[in-house]
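A closer look at the structure
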Amino acid sequence: MLKSFLAVLKRDLLLAMRRRSDIFTVLFFFIIVVSIFPLGVGFEKAMLQQIAPGIIWVAALLASTLALERIFANDFADGTLEQMLLTPQPLGVLVFAKILAHWLLTGLPLVLIAPLAALQYHLDFSTTLTMMSVLLIGTPVLSMVGAIGAALTLGLRGGGVLISLLVLPLYIPVLVYGAGAVAASMQGGISLQPYYLLLSAFLLLALVFAPWATAASLRISVE
Amino acid sequence: MTINWFKYSSPASFYPLAGKLIPVFMVLAIVLTLGGLYWGFFQTPDVLSDQKQYYRIIFVHIASAWMAMWLYVVMVFWAVLGLIFNTRLSYMFACATAVTGAIMTALSLWTGAFWGQTSWGTWWDWDPRMTTQLILLFLYMGYIALHSAIDDNRRADRASAVLAMVGLAIVPVIYYSINCPDPNACASLHQESSMERIETNIFIAIMTTVAGFWMYCFAVILMRTRNIILQRERKSSWVARLEALK
């Protein structure tokens, strides 16, 4: 089981490395969204600091939904996915490997680039650290919940927009507590522990249920 | 005596039953809704604290808001039943319920906006209940959008059933997170329900209108289910034999 998990993970990472531009599209989408907001709302420092948590998180949400379609689309197009469904290994494990690979390629880069966004919005060092750590806990949840949406909309016309419609409402709890933690850390004097605990709880719940639900959705979609 | 629980799970035997039930529910809906609204408009105090006459929109507002939330549970119930027993009719029910639920959600937001404008002076506020209702509308829209994006009925039914289930699992979390954006301050969170403190006449009027809306939803969902049955089973022989369609 572990062997098949590692094999799928390695394969997906290798495929992505052969076509690196896909990773950078998502990353630059995030940077562009974060950068054009100040052009629209003005450059006042206090206001930028105030809206930073929400904007950076919403940009991360949008970047994540943008990348979702690719989790299964290529494998579905060339028939690999069908072979995966036929293997004796539990589908949930293979799906989990694919989701993990997807997060490593689209979620983790967002976490690493976040300090740049924090600089643009004049956030101080400790707030930036909080931002990175909540993104680190939160973005895997986005990938996992999003994978269910990606599996359900596999191969449909206008799949990309449809995924956003299905998945964005489900992202709300992560957005509320992710952005809330950053805002609380900026204010100071508020305990951040509840935010971390709640986000970790979401992560654990998603870890348990999402691969399984995604596998069920894949079986419905590919049948 | 053994009961055949699946007797009406076949579209062919359900179709005539629904046809007989629809007029009953429709008449009840009209009587109860008109009765409730009459009671609400003419048998209740004219001035409620400082809200004057405007508060009377409450009868439609509460009834539609309750229906909106309840129909989502009903929809998920039928969708799950469909996944378990693989009965076509359950999926058709879920599909028919989604549209009525979405309409009720939109109606409750719409009437809420009017009430908000007259009593709070604003059409919209990011109050937890309003926000939850708006997100409920998004969930209904997602269900309907996914269902209509898939051409194959079987896949559409099952995929949207999974989506509805995931939605129901996450709804409490969304509700909690909107209600309590700051977890540090939520130790004493309590849901304020004021049903017991309502004036008796208003209470009777609300309950009657709610019952009327229930009946209306039954009737409309049955009508929509009948349409879906005809649409999907149009090639079967029992539909060809139907007198009404000749």
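Remember, it's a predicted structure, so these values are computed and weren't measured experimentally.

1. What to know about the side chain of Thr-139 of chain A
Residue and element names in this part refer to chain A.
- Among the structural elements, Thr-139 can be located in helix α7 (residues 125–152).
- A polar side-chain atom of Thr-139 sits 2.6 Å from the main-chain carbonyl oxygen of Leu-135.
- Non-local contacts of Thr-139, meaning those with residues more than four positions away in its chain, are made with Trp-103, Gly-107 and Val-111.

2. A few points about the packing of aromatic side chains
Residue and element names in this part refer to chain B.
- According to the stated counting rule, one finds 15 aromatic pairs over all chains in the structure shown.
- Aromatic side chains Trp-110 and Phe-114 sit 5.7 Å apart centroid to centroid with 85 degrees between the ring planes, which places their arrangement in the edge-to-face category. Of this pair, Trp-110 and Phe-114 are both found in helix α3 (residues 88–119), four residues apart, which corresponds to roughly one turn of the helix.
- Exposure remark for Phe-114: the relative accessible area of 39% places this residue in the partly exposed category.
- Through a chain of ring-to-ring contacts, the aromatic side chains of Phe-14, Phe-77, Trp-78 and Phe-93 assemble into a single cluster.

3. Side note on the UniProt feature "transmembrane region" (unreviewed entry) in chain B
Residue and element names in this part refer to chain B.
- Residues annotated in UniProt with the feature "transmembrane region" (unreviewed entry) correspond here to residues 21–42, 54–84, 91–110, 130–149, 161–178 and 198–222.
- Taken end to end, residues 54–84 is 87% helix and 0% strand, and its two terminal C-alpha atoms sit 47 Å from one another.
- Taken end to end, residues 161–178 is 100% helix and 0% strand, and its two terminal C-alpha atoms sit 25 Å from one another.

Basis of the calculations
- Residues numbered from 1 in each chain as written.
- Chains lettered and ligands numbered in written order.
- Predicted model: local features only at pLDDT ≥ 70, side-chain atom pairs only at ≥ 80, totals over all residues.
- Heavy atoms only, no water.
- Helix = DSSP H or I, 4+ residues; strand = E, 2+ residues; numbered from the N terminus.
- Polar contact = N/O pair within 3.5 Å; in protein donor to acceptor, adjacent residues only side chain to side chain.
- Contact = heavy atoms within 4.5 Å.
- Phe/Tyr/Trp six-rings, centres within 6.5 Å; stacked < 30°, edge-to-face > 60°.
- Buried < 20%, exposed > 50% of the residue type's maximum accessible area, 1.4 Å probe, protein only.
- UniProt positions renumbered as here; feature names shortened; annotations may be inferred.

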